[in-house]
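Read off the chains here:
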Amino acid sequence: MDQKETQYHIVNYGTYMLVWIGLVILTGITITAGSMNLGGLSILTPLLIALLKAGLVLYFFMHLKYEEDIFQIILLFPVIILTIFIGLTFFDISFR
Amino acid sequence: MADEAVVSNYAGISFYEEKGRYSGLLSWVFSTNHKRIGLLYLISMLTFFATGVFLGLLLRLELIAPGKTIMEPQTYNAIFTLHGVIMIFLFIIPGLAAPFGNFFLPILIGAKDVFFPRLNLLSWWLFISGAILAIISLFTRGGPIDTGWTFYAPYSIKTGTNVSLAVFAVFLIGFSSILTGLNFLTTIHRLRAPGMKWLRLPLFVWSLYATGWIQILATPIIGITLLLVILERFFGVGFFDPAKGGDPILYQHLFWIYSHPAVYIMIIPAMGVISEIIPVFARKTIFGYKAIAFSSLAIALVGSLVWGHHMFVSGQSYTADWIFSLLTFLVAIPSGIKVFNWVATLYKGSIELATPLLYALSFIFLFSIGGLSGVIQSALAVNVHLHDTYWIVAHFHYVMFGGAGFAFFAALHHWFPKMFGRMYNRRRAKWAWFILFIGFNTLYLPMFILGWQGMPRRYYDYLPQFHTGHLISTIGSWILVSGLILMFANLIHAFFKGVKADNNPWGGSTLEWQIASPPPPDNFDQIPLIEHGPYIFGTQIFADSRG
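Residues numbered from 1 in each chain as written. Chains lettered and ligands numbered in written order. Predicted model: local features only at pLDDT ≥ 70, side-chain atom pairs only at ≥ 80, totals over all residues.

### Remarks on helix H11 (residues 289–303) of chain B
All names here are of chain B.
Link 1 in the chain: An ideal rise of 1.5 Å per residue puts 21 Å on 15 residues; H11 measures up with 21 Å between its terminal C-alpha atoms.
Link 2 in the chain: For H11, the set of buried residues is Tyr289, Ile292, Ala293, Ser295, Ser296, Ile299, Ala300 and Gly303.
Link 3 in the chain: Against the buried residues of H11 lie helix H9 (203–235), helix H10 (248–282) and helix H12 (318–346). (Helix = DSSP H or I, 4+ residues; strand = E, 2+ residues; numbered from the N terminus. Expected span 1.5 Å × (residues − 1). Buried ≥ 20, exposed ≤ 12 C-beta atoms within 10 Å, placed from the backbone. Contact = placed C-beta atoms within 7 Å.)

What follows is the structure, encoded as structure tokens:
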């Protein structure tokens, strides 16, 4: 179990601000979409936006971008599992 | 076979005699030693189990005859909820993984402790805090909850009983389960002894590995769901209220996404223990090692995708119904693979009918009845007839008590001499098993028939035609409890006054039998070097040792 020395990445404030503005805009889109009648897409839209937002937070704020590939790949695993769980929960609505 | 070189040279102390920063009770509740934490779980869980049994006994007594017998309907509702919550969340979900997994996982893979010992202690503290909160919820505003252990919306949102605190308690217990799963997975990945390749892992370890993944991936979902119930009760958000755009079936989905895999959290480690016991008492290497190991993973995977079968009559679409029905049929395959492999292991074995094997054999019998009745329920048309009847109660108790419960007792009798260094009275243990087995079937078999005849579950009263079944069942509960009392009396007596146990009383071949009974604080003086699989009888496990 070799522990490599942790490397700290200094990320400039500009990047953080840009990501933050992106998150605010996406929140705005979620709220706007919530007041529109999108039919079958009314659940999928906010879920996809939420996924994108979570991705941004993980990637930039939680420094996943600077981690080894293995961690980025492993992250896909719970994302796939959750997609299956949520998919199996919600597909039912279109058949009721 | 005991390795004389390792065992006889050992002159140190056991983990009971280890001196730490604290003494007395504090040396237990603040210990980070995996064996002490395992025993903390064992003692706390057995206390909850005894409480759950007592409540179950009261329920059966109420149902001995139609009409009121010993309690009011509201009390009955509270007691069956409490019986369920205690048995599910405080006994059978931590089940075999928390006590026996903690105690034996590091030993079985040749490690000195789990990967995160402090996190391990935190798990127990979360577990016990959740349990204390659950008890407090009984005596505070609103009183004991009456929703059933499933906390179904909309009733759980509307009832005046103390649902918020009780579900928060379950939330904490869920966290404990996640941390244990995380800890075990990391331990299995990182702390295996040199030479302990994946396909040399004992099968109990494989079962803990599969369970760990379910605990990590599914438990957060019930955590969120329970928080939604609390939010709903305090702020009336409307997640599950159609009047506000919500959906009550959403609650059932979210609840069962976790709670169906949770039954596999309960049963997979049980299957792991059975896979350990059978080769030891058949004196044969396990038949189909890979099939058993990978079927644990298959059960974990497929079992996570079958939850919709709880909603066949809840208004879910027909398309969802048949997809979940198909997936449910599929999960029987890996379970069947295990049963056939166990039976094949016994074939032409040199069988010693010791108590652990008797429990293991009755596990196979009872679990097969429970499992196959599950296959019957997963047929859509039949399910409409059986849904929410006593059939389900019977099925559930056969898989959970007859399955996980009997495996728990099997593990307890198998590993008792290792954990406590003393041996119980074997004759008495066999008698207790016999009474327990008879009592179990007298208690639960009539429930299949009652359910088939149309007796609904959770009802306080019933029509006269169901009287005979209920009467037999209640008599069965007395026999069962007699067996339990004899079993625990025997074990408690052995704990204080039993004869000293050998290091390897059963002639087991896995690593726990190669060290002293009870084990030393750090398990191994030297980390062993593993050169072959776990179930080779008649040879030494330790070909060499490494510092």
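Now, onward.
### A word on unusual backbone geometry
All names here are of chain B.
Link 1 in the chain: Here the residue pair Ala153 and Pro154 is connected by a cis peptide bond, since its omega of 5° sits within 30 degrees of zero.
Link 2 in the chain: Residue placement: Pro154 occurs in the loop between helix H6 (117–139) and helix H7 (155–158).
Link 3 in the chain: With an omega dihedral of -15°, the bond running from Ser517 to Pro518 counts as a cis peptide bond.
Link 4 in the chain: The topology assignment puts Pro518 in the loop between strand S2 (499–500) and strand S3 (528–530).
Link 5 in the chain: Positive phi outside glycine occurs at Arg283, with the angle close to 50°.
Link 6 in the chain: Note that Arg283 resides in the loop between H10 and H11.
Link 7 in the chain: Residue Arg283 is classed as partly exposed on the basis of its 16 C-beta neighbours within 10 Å.
Link 8 in the chain: If you check the backbone angles, Asn523 has positive phi at about 65° while not being a glycine.
Link 9 in the chain: Position of Asn523 among the secondary structure elements: in the loop between S2 and S3.
Link 10 in the chain: Judged by C-beta crowding, with 24 C-beta atoms within 10 Å, Asn523 ranks as buried.

### A look at H12(B)
Residue and element names in this part refer to chain B.
Link 1 in the chain: Taking 1.5 Å per residue as the helical rise, H12 with its 29 residues ought to reach 42 Å, and the 43 Å between its terminal C-alpha atoms agrees with that figure.
Link 2 in the chain: Elements that come into contact with the buried residues of H12 comprise H10, H11, helix H13 (355–377) and helix H14 (380–386).
Link 3 in the chain: Two residues or fewer after H12 comes Lys348, characterised by a positive phi angle close to 60°.

### Here's the deal with the packing of helix H3 (residues 34–62) of chain B against helix H17 (residues 467–497) of chain B
Residues and elements named next belong to chain B.
Link 1 in the chain: Axis separation between H3 and H17 bottoms out at 9 Å; the angle between their running directions is 155°. Classified by the angle between their axes, H3 and H17 sit roughly antiparallel to one another. For the element pair H3 and H17, the recorded crossing hand is left-handed. Contacts between H3 and H17 pair Val53, Gly56, Leu57, Arg60 and Leu61 from the former with Ser473, Thr474, Ser477, Val481 and Leu484 from the latter.
Link 2 in the chain: Grouping the constituent residues of the contact of H3 with H17 by class yields five nonpolar, four polar and one charged. (Axes fitted to C-alpha atoms, helices over the stretch in contact; angles between N-to-C directions. Parallel < 35°, antiparallel > 145°, perpendicular 65-115°, else oblique. Left-handed = near helix turned anticlockwise from the far one by under 90°. Nonpolar A, V, L, I, M, F, W, Y, C, P; charged D, E, K, R; others polar.)

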